[in-house]
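Below, each chain spelled out in residue letters.
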Amino acid sequence: MNKEQLRNDLDTTLSELYDVYASIPVEAVNTSPFPGSWTSGQLVRHLVMANGGCLEEINGPVQETTRPINTGVESIRNVFLDFSTKMTAPEFVVPPAIAYEKEEGLASLDEIRQGLLAGLDTLDLSKTCLLFELPVLGFLTRWEILHFVVYHTRRHIQQLKKMKESLEAGVESRML
């Protein structure tokens, strides 16, 4: 994958996330669509926390990379795009069970999208970031982190779409 393809994937994915969340009625943002599920507001907050952390990471301290810059990309893709596995978010990106303001979430998503795209356009993606070490994968390059954002976000877009469908079905059944 080249830089232009990564930019397109990042922009398209983050724009789709924004659009799907924007399409959820404001009154449904804090409604759990399934028993034990996060609300769509919580899911977006999780992505704001995770993707915002990735934005901090790519703009944080770095060092020269001593391996191919894309070593972890395939593993990241395989983990996040395997929809047959259920995952549990690490505690530091678990959103609190509070009421969320939809417009605030949308503004945060847009700000992070713009920041990540600016980083992709201006930073040396071959550098290894040093703010956070992932279990198993270790320290990631900026290239790998931007792929992490794409694949992690794609996974959650699928969840958000299912939430929206369930919420819409619930509204329809209450209207009958």
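Residues numbered from 1 in each chain as written. Predicted model: local features only at pLDDT ≥ 70, side-chain atom pairs only at ≥ 80, totals over all residues. Heavy atoms only, no water.

**With respect to the overall build of the protein chain**
This is how the line gets drawn: Helical segments are the DSSP runs of H or I of at least four residues, strand segments are the runs of E of at least two, and each set is numbered from the N terminus. Atoms counted for the radius of gyration: C-alpha only. Globule rule: 2.2 Å times residue count to the power 0.38. Exposure classes here rest on a 1.4 Å probe applied to the protein chains alone. A residue is buried below 20% of its type maximum, exposed above 50%, and partly exposed in between. Contacts are residue-level and defined by heavy atoms, with any inter-residue pair within 4.5 Å sufficient. Only four residue types enter the charge count, namely Lys and Arg as positive and Asp and Glu as negative; His and the chain termini do not. By convention, the point assigned to a charge is CZ for Arg, NZ for Lys, CD for Glu and CG for Asp.
Within the protein chain one finds five helices and two strands. For 176 residues, the compact-globule estimate of 2.2 N^0.38 gives 16 Å, and the protein chain sits close to it at 17 Å. Principal-axis analysis of the C-alpha atoms places the extent of the protein chain at approximately 60 × 30 × 30 Å. Counting across all 176 residues of the protein chain, residues that qualify as buried make up 43%. In the protein chain, once contacts between residues fewer than 6 apart in sequence are set aside, the share between residues at least 24 apart is 83%. Charge separation in the protein chain, taken as the distance between the mean sites of 16 positive and 24 negative side-chain charges, equals 3 Å.

**Focus: the nonpolar core**
Where we set the bar: Only buried residues count toward a nonpolar core. Its members are Ala, Val, Leu, Ile, Met, Phe, Trp, Tyr and Cys residues joined through side-chain atoms within 4.5 Å.
L6, L10, Y21, L116, L146 and L160 are the most contacted members of the largest nonpolar core, which has 41 residues in total. Take this core: its biggest share by element is eleven residues, from helix α5 (residues 142-175). Leave out the neighbours within four places in its chain, and L116 touches L10, L14, N51, C54, L55, I58, L146 and V149.

**Describing the pattern of salt bridges**
Should the charged atoms of two oppositely charged side chains come close, the side chains can pair. What counts is decided by this rule: Counted as salt bridges are all cases of a side-chain nitrogen of Lys or Arg within 4 Å of a carboxyl oxygen of Asp or Glu.
A complete count under the given rule lists eight salt bridges for this structure. When the shortest N-O distance is used, the salt bridge between K161 and E16 registers 2.7 Å. Placement of K161 in helix α5 and of E16 in helix α1 (residues 3-22) is noted, with a sequence separation of 145 residues between them. Between D110 and R113 there is a salt bridge whose closest N-O contact spans 3.3 Å. In this pair, D110 and R113 both sit in helix α4 (residues 102-122), three residues apart, roughly one turn of the helix.

**Topic: the confidence of the model for the protein chain**
We count it as follows: Looking at any residue, its pLDDT shows the predictor's confidence there, from 0 to 100.
Residues at a pLDDT of 70 or more form 96% of the protein chain, whose mean pLDDT is 92. For residues 172-176, every residue scores under 50 in pLDDT, and the model assigns this stretch zero contacts once sequence neighbours within four places are set aside.

**Considerations on a nonpolar patch on the surface**
As a reminder, the rule being used: Only residues whose relative accessible area exceeds 30% and that take part in no salt bridge are eligible for patches, with like-charged residues grouped when within 9 Å of each other and nonpolar side chains (Val, Leu, Ile, Met, Phe, Trp, Tyr) grouped when within 5 Å. Per-residue and other accessible areas were derived by the Shrake-Rupley procedure at a 1.4 Å probe size, with only the shown protein chains allowed to occlude residues.
Side chains of F92, L131 and F132 sit close together on the surface and give an oily, nonpolar patch of about 310 Å² of accessible area. Within the secondary structure, L131 is located in the loop between β2 (128-129) and α5.

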